[in-house]
Amino acid sequence: DAKTTQPPSMDCAEGRAANLPCNHSTISGNEYVYWYRQIHSQGPQYIIHGLKNNETNEMASLIITEDRKSSTLILPHATLRDTAVYYCIVTVPGNTPLVFGKGTRLSVIA
Amino acid sequence: DAMVIQNPRYQVTQFGKPVTLSCSQTLNHNVMYWYQQKSSQAPKLLFHYYDKDFNNEADTPDNFQSRRPNTSFCFLDIRSPGLGDAAMYLCATSRPRDRGSKAETQYFGPGTRLLVL
């Protein structure tokens, strides 16, 4: 079973920041937080991951709380192409397969 | 450039008629995965290969089999497809540096959508 809880859906105005929350209160010390997204009729796409420090890349920023029980994915300037289902996943190091929860369906509105 | 390739993108088969879905990768990753994704649901892992070591999920039906003849290719065989097997089938790869190393990202193919008539 997925170890994360996410809101089922969110809307965001185009050009504004999209902040997607994720709760993972039972995360263990060696588990990373990963974010993927899945645009309609495509395979999931990796976005970003982190252990305890905040992370930023060309796609997004990941903010992890100090107690690591929750995190927020930030898309700084959402575009219509960011409309997708966003999955927050916690996983142990190595080749442990991903366990997807239900994700958040983000709709970016013009 | 395509890194994880799945063919065909759409596959139609008949109830009970064996079908094979294929996946190939140009990443030289040693781990390959097969996921099943039904409509409006999250992807669900069926099995994965770590090199040639096959790892089956406990709740994967016996109707589903897999083959990995070499690093680049992996096949999903559905021996007797039922109407409930209609879904998107996703192949993914990863390359952990070694067992127990930092978690690695997975690269997904575009998926094959299977329709069972």
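Residues numbered from 1 in each chain as written. Chains lettered and ligands numbered in written order. Predicted model: local features only at pLDDT ≥ 70, side-chain atom pairs only at ≥ 80, totals over all residues. Heavy atoms only, no water.

Engineer: Give me the lowdown on the overall build of chain A, citing residues and values where you can.
Structural biologist: When helices and strands are tallied, chain A shows 0 helices and 9 strands. From first element to last, N terminus to C terminus, chain A shows the α and β order β-β-β-β-β-β-β-β-β. Taking 110 residues into account, the globule formula puts the C-alpha radius of gyration at 13 Å, and chain A, at 13 Å, falls close to it. Taken over the C-alpha atoms alone, chain A extends approximately 40 × 30 × 25 Å along its principal axes. For chain A, with 110 residues in total, the buried portion stands at 45%. Intrachain contacts of chain A at a sequence separation of at least 6 include 56% that bridge at least 24 residues. (Helix = DSSP H or I, 4+ residues; strand = E, 2+ residues; numbered from the N terminus. Rg over C-alpha atoms; globule rule 2.2 N^0.38 Å. Buried < 20%, exposed > 50% of the residue type's maximum accessible area, 1.4 Å probe, protein only. Contact = heavy atoms within 4.5 Å.)

Engineer: Account for the overall build of chain B, with residues named and values stated.
Structural biologist: Looking only at helices and strands, one finds 0 helices and 11 strands in chain B. When the helices and strands of chain B are placed in sequence order, the string is β-β-β-β-β-β-β-β-β-β-β. Taking 117 residues into account, the globule formula puts the C-alpha radius of gyration at 13 Å, and chain B, at 14 Å, falls close to it. Expressed as lengths along the three principal axes of its C-alpha atoms, the size of chain B is roughly 45 × 35 × 30 Å. Counting all 117 residues of chain B, 51% fall into the buried class. Within chain B, contacts between residues at least 6 apart in sequence are counted, and of these 58% link residues at least 24 apart. In the structure as shown, chain B presents an accessible area of about 5,900 Å², 48% of it carried by carbon and sulfur atoms. Within chain B, the 10 negative side-chain charges are centred at a point lying 4 Å from the centre of the 13 positive side-chain charges. (Areas by Shrake-Rupley, 256 points an atom, 1.4 Å probe, with all protein chains shown as cover. Lys, Arg positive; Asp, Glu negative; His and termini not counted. Charge placed at Lys NZ, Arg CZ, Asp CG, Glu CD.)

Engineer: Provide a residue-level description of unusual backbone geometry, including the pertinent values.
Structural biologist: The omega torsion of the bond from Asn7(B) to Pro8(B) falls at -10 degrees, within 30 degrees of zero and hence cis. By secondary structure assignment, the location of Pro8(B) is in the loop between strand E1 (4-7) and strand E2 (10-13). Positioned with a positive phi, Arg68(A) is a non-glycine residue whose angle comes to about 65 degrees. Relative to the elements of secondary structure, Arg68(A) occurs in the loop between strand E6 (61-64) and strand E7 (70-75). Phi is positive for Ser40(B), which is not a glycine, with a value near 65 degrees. Mapped onto the elements, Ser40(B) comes out in the loop between strand E4 (31-37) and strand E5 (44-50).

Engineer: Describe the sheet that holds E6(A), and please don't skip the residues or the numbers.
Structural biologist: Residue and element names in this part refer to chain A. Taken in spatial order, the 4 strands make up an open sheet running E2-E7-E6-E5, and their pairing is antiparallel. Strand pairing shows two members of the sheet lacking a second neighbour, strand E2 (18-23) and strand E5 (55-56), which therefore form its edges. Of the pairings in the sheet, the one linking E5 to E6 comprises 2 bridges and is antiparallel in character. Bridging from a neighbouring strand, Glu55 pairs with Leu62 of E6. (Pairing = 2+ DSSP bridges.)

Engineer: Can you explain the side chain of Ser94(B)? Please cite residues and give values.
Structural biologist: Residue and element names in this part refer to chain B. In this structure, Ser94 sits in strand E9 (residues 87-94). For Ser94, the side chain forms a polar contact with the side chain of Tyr33, separated by 2.7 Å. Apart from the residues lying within four places of it in its own chain, the contact partners of Ser94 are His29, Asn30, Val31, Tyr33, Thr105 and Gln106. (Polar contact = N/O pair within 3.5 Å; in protein donor to acceptor, adjacent residues only side chain to side chain.)

Engineer: How would you summarise the state of the cysteines if you had to cite specific residues and measurements?
Structural biologist: The full count for this structure, using the stated rule, is 2 disulfides over all chains. The side chain of Cys22(A) participates in a disulfide bridge whose partner is Cys88(A); the two sulfur atoms lie 2.1 Å from each other. Looking along the S-S bond of the Cys22(A)-Cys88(A) disulfide, the torsion reads about -80 degrees, which is the left-handed sense. You can see Cys22(A) sitting in strand E2 and its partner Cys88(A) sitting in strand E8 (residues 84-91), a full 66 residues away along the chain. The class for Cys88(A) is buried, based on a relative accessible area of 0%. This cysteine, Cys74(B), is not joined by any disulfide, and Cys91(B) carries the nearest cysteine sulfur, 6.0 Å off. (Disulfide = S-S within 2.5 Å.)

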